[in-house]
Amino acid sequence: MSTEPGPASARIAHGLREQILHGALAPGSRIRQEELAAQFGASRLPVRDALRQLEAEGLVRLVASSGAWVQSLSLAECTEVYLVRERIEPLLLSLSLPHLSDADLERLAGLAEQMRDADLEGFLRLDREFHLLSYAAASTHMLHELVLRLWNSTQHYRRAFALVVGVDRDSATHAEHRLLVDAIRRRQSADAEDILRLHIRRTRLELARHPEVFDAD
């Protein structure tokens, strides 16, 4: 027995993950295993392994005897995810903040500035890197995995938020990022947690004002 399915499944998972995160596959899109196998030149076994991996990451929904779909959320489900994020991401930040290096702080500041001039897809990529880097120094595995899953499941809706409210240079989003960097630089965990909590809450409330985002799924 060769080890081919392992590398093949990782290659398929990576390719499909990128398509979902970059918006090439919309929430609720059907994922056909035979088409994936043909696209990546692989058999059905690594395709199934890749889909199971992406299901664990919150990107794909598998239904027994039915198939696979890109994960989608209703307004109520998205609201619940954001309520959870408001509580656990400040906790993860508080665990990470004391251990962030000077190089990490410089990178966070740089990302905050780059986001101000980025286009939509660039903003989403940099925003993801910014927040996940701010959590990266926490010595925990369960919270990291949970937060990443929640981020993955709401990727499409953060894109919708950016389209709805705009992310030009003077938007509140960038002001909040700069305030967050300042609090982290000062090692003021309570301030950083409050800023992050409000940052996440603002997205939740804005999305709730636009139910058409979810109807489109």
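Model, not experiment: these values are computed from the prediction. (Residues numbered from 1 in each chain as written. Predicted model: local features only at pLDDT ≥ 70, side-chain atom pairs only at ≥ 80, totals over all residues. Heavy atoms only, no water.)

1. A few points about the sheet that holds strand 3 (residues 67-70)
Strand order across the open sheet formed by 3 strands is 1-3-2, with antiparallel pairing between neighbours. If you trace the sheet from one side to the other, it starts and ends with strand 1 (30-31) and strand 2 (60-63), each paired once. Pairing analysis gives 4 bridges linking strand 2 to strand 3, with the strands arranged antiparallel. Considered in strand 3, the bridge of leucine 62 is made with alanine 68. Set on the sheet, helix 3 (residues 44-56) makes contact with strand 1, strand 2 and strand 3; between it and strand 2 the angle comes to about 120 degrees. (Pairing = 2+ DSSP bridges. Helix = DSSP H or I, 4+ residues; strand = E, 2+ residues; numbered from the N terminus. Contact = heavy atoms within 4.5 Å. Axes fitted to C-alpha atoms, helices over the stretch in contact; angles between N-to-C directions.)

2. Section: the side chain of serine 96
By secondary structure assignment, the location of serine 96 is in helix 4 (residues 75-96). Among the residues examined, serine 96 registers a relative accessible area of 0% and is labelled buried. Only 3.1 Å separates the side chain of serine 96 from the backbone nitrogen of alanine 137, close enough to count as a polar contact. In this view, serine 96 contacts Ser134, Tyr135, Ala136, Ala137 and Ala138; residues no more than four positions away in its chain are not counted. (Buried < 20%, exposed > 50% of the residue type's maximum accessible area, 1.4 Å probe, protein only. Polar contact = N/O pair within 3.5 Å; in protein donor to acceptor, adjacent residues only side chain to side chain.)

3. Digging into the confidence of the model for the protein
In the predicted model, the protein carries a mean pLDDT of 92, and 96% of its residues have values of at least 70. Confidence drops under a pLDDT of 50 for residues 1-5, and excluding neighbours within four residues, the segment shows 2 contacts in the predicted structure. (pLDDT = per-residue confidence, 0-100.)

4. Considering the packing of helix 9 (residues 172-185) against helix 10 (residues 189-208)
Where helix 9 contacts helix 10, the two axes come as close as 8 Å, and the packing angle between them is 160 degrees. Comparing their axes, helix 10 and helix 9 come out roughly antiparallel. Along this stretch, helix 9 crosses helix 10, giving a crossing that reads as left-handed. Mapping the contact onto sequence places Ala172, Thr173, Glu176, His177, Leu179, Leu180, Ala183 and Ile184 in helix 9 and Asp191, Ala192, Ile195, Leu196, His199 and Arg202 in helix 10. Split by residue class, the contact of helix 9 with helix 10 holds 8 nonpolar, 3 polar and 3 charged. (Parallel < 35°, antiparallel > 145°, perpendicular 65-115°, else oblique. Left-handed = near helix turned anticlockwise from the far one by under 90°. Nonpolar A, V, L, I, M, F, W, Y, C, P; charged D, E, K, R; others polar.)

5. Let's talk about the side chain of glutamate 206
Tracing the backbone through its elements, the reader meets glutamate 206 in helix 10. Ignoring any residue separated from it by four or fewer positions in sequence, one finds glutamate 206 in contact with Phe161, Val164 and Val165.

6. Examining the nonpolar core
Most often, soluble globular proteins keep nonpolar side chains buried together rather than apart. Counting residues in hydrophobic clusters, the biggest one holds 42 residues, and the most contacted among them are Leu108, Phe130, Leu180 and Ile184. For this core, the elements supplying multiple residues, two or more each, are helix 4, helix 5 (102-116), helix 6 (120-135), helix 7 (142-153), helix 8 (155-165), helix 9, helix 10 and helix 11 (212-215). Not counting residues up to four positions away in its chain, the partners in contact with isoleucine 184 are Leu93, Leu97, Leu100, Leu105, Leu108, Ser134 and Ala192. With 18 residues, the next largest nonpolar core counts Ala13, Leu16, Leu36 and Ala42 among its residues. (Core = buried A, V, L, I, M, F, W, Y, C linked by side-chain atoms within 4.5 Å.)

7. Quick look at empty space enclosed by the protein
Counted according to the given criterion, the structure contains 1 cavity of 30 Å³ or more. What the largest cavity holds in volume is close to 160 Å³. Forming the boundary of the largest cavity are 14 residues, of which Asp127, His131, Arg158, His199 and Thr203 lie nearest the centre. For the lining of the largest cavity, the secondary-structure elements that each account for two or more residues are helix 4, helix 6, helix 8 and helix 10. (1 Å grid on protein atoms, 1.4 Å probe; cavity = no way out; pocket = protein on both sides within 12 Å on 5 of 7 lines; lining within 4 Å. Points joined across faces, edges and corners; volume = space filled by probe spheres on them.)

8. Observations concerning unusual backbone geometry
Of note, arginine 187 is a non-glycine position whose phi angle comes to about 60 degrees, a positive value. Its place among the elements puts arginine 187 in the loop between helix 9 and helix 10.

9. Quick notes on the packing of aromatic side chains
Aromatic ring pairs are described here by two measures, namely the spacing of the ring centres and the angle between the planes. Enumeration according to the criterion identifies 1 aromatic pair in this entry. Relative to phenylalanine 214, the ring of tyrosine 157 has its centre 5.0 Å away and its plane inclined at 10 degrees; by these criteria the two rings are stacked. Residue tyrosine 157 is located in helix 8, and its partner phenylalanine 214 is located in helix 11; the two are separated by 57 residues in the primary sequence. In terms of burial, tyrosine 157 and phenylalanine 214 fall into one category: buried. (Phe/Tyr/Trp six-rings, centres within 6.5 Å; stacked < 30°, edge-to-face > 60°.)

10. Structural notes on the packing of helix 6 against helix 9
Helix 9 packs onto helix 6 with a crossing angle of 25 degrees between their chain directions and a minimal axis gap of 12 Å. Considered as vectors, helix 6 and helix 9 are oriented roughly parallel to each other. Of the two elements, helix 6 crosses helix 9, and the hand of that crossing is left-handed. Between helix 6 and helix 9, the contacting residues are Phe123, Asp127, Phe130, His131 and Ser134 on the first element and Thr173, His174, His177, Leu180, Val181 and Ile184 on the second. Considering only residue class, the contact of helix 6 with helix 9 consists of 5 nonpolar, 5 polar and 1 charged.

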